[in-house]
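So the chains spell out like this:
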Amino acid sequence: MHAKVQIIDKVTETFETKKGVKTLHLLVCQDQSRPPLRNTFDYEMTPEEFTKYGASLVDKVVEFNIQVISENFTGRTRMSGAILKVDA
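Residues numbered from 1 in each chain as written. Predicted model: local features only at pLDDT ≥ 70, side-chain atom pairs only at ≥ 80, totals over all residues. Heavy atoms only, no water.

Chemist: Explanation requested: the pattern of salt bridges in the structure shown.
Modeler: Pairing of side chains with opposite charge becomes possible as their charged atoms draw close. Evaluated as defined, the whole model comprises four salt bridges. We note a salt bridge from aspartate 42 to arginine 76, for which the minimum N-O separation is 3.0 Å. In this pair, aspartate 42 sits in strand E3 (residues 41-44) while arginine 76 sits in the loop between strand E4 (61-71) and strand E5 (77-87), placing the two residues 34 residues apart along the sequence. A relative accessible area of 27% means that arginine 76 is categorised as partly exposed. (Salt bridge = Lys/Arg side-chain N within 4 Å of Asp/Glu carboxyl O. Helix = DSSP H or I, 4+ residues; strand = E, 2+ residues; numbered from the N terminus. Buried < 20%, exposed > 50% of the residue type's maximum accessible area, 1.4 Å probe, protein only.)

Chemist: Sorry if this is basic, but what is going on with the side chain of histidine 25 here?
Modeler: Structurally, histidine 25 can be placed in strand E2 (residues 20-31). Setting aside anything within four residues of it in sequence, one finds histidine 25 in contact with Lys10, Val11, Thr12, Tyr43, Glu44, Met45 and Phe50. (Contact = heavy atoms within 4.5 Å.)

Chemist: Please clarify how the pairing of E5 should be interpreted in this entry.
Modeler: Along any regular strand the residues' side chains alternate between the sheet's two faces. Pairing between E3 and E5: two bridges, direction parallel. Bridge pairing in E5 links aspartate 42 to arginine 78. Where E4 lies against E5, 10 bridges are found, and the strand directions are antiparallel. Looking across to E5, one finds that phenylalanine 64 is bridged to isoleucine 83. The turn joining E4 and E5, which pair antiparallel and follow one another in sequence, is formed by five residues; a positive phi near 95° is taken by glycine 75. (Pairing = 2+ DSSP bridges.)

Chemist: How should the packing of aromatic side chains be read in this particular structure?
Modeler: Given two aromatic rings, their pairing is described by the distance between the two centres and the angle made by the two planes. This model, assessed by the stated rule, comprises one aromatic pair. A centroid spacing of 4.0 Å and a plane angle of 10° characterise the contact between tyrosine 43 and phenylalanine 64, whose relative ring orientation is stacked. Here tyrosine 43, found in strand E3, pairs with phenylalanine 64, found in strand E4; they are 21 residues apart in sequence, far enough to count as distant. Both residues of the pair, tyrosine 43 and phenylalanine 64, count as buried. (Phe/Tyr/Trp six-rings, centres within 6.5 Å; stacked < 30°, edge-to-face > 60°.)

Chemist: Would you mind going over unusual backbone geometry with me for this structure?
Modeler: Residues arginine 34 and proline 35 are joined by a peptide bond in cis, for which omega reads -5°. With a phi angle near 70°, aspartate 59 is a residue other than glycine that sits in the positive phi range. Here aspartate 59 is to be found in the loop between helix H1 (47-53) and E4. Take aspartate 59: its relative accessible area is 58%, and that puts it in the exposed class.

Right under this line is the structure:
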């Protein structure tokens, strides 16, 4: 699924697992399609995407290829996939 979104914020979540500490880099996204999704959602960046883009995507429009849609422990929607295009 392709999604064009406005990046609102970048958030880092760190937690302990059985294998040690894990850090997730998340982008808080607002859907730009018509009609848009009702709520914002989080996009989980891969380590490669984080190295390439870091926090530079905030306040930009990004096109994603969404491959996985899930929800976190609190029920918030989380998506992952690939960044296709970044608009200024």
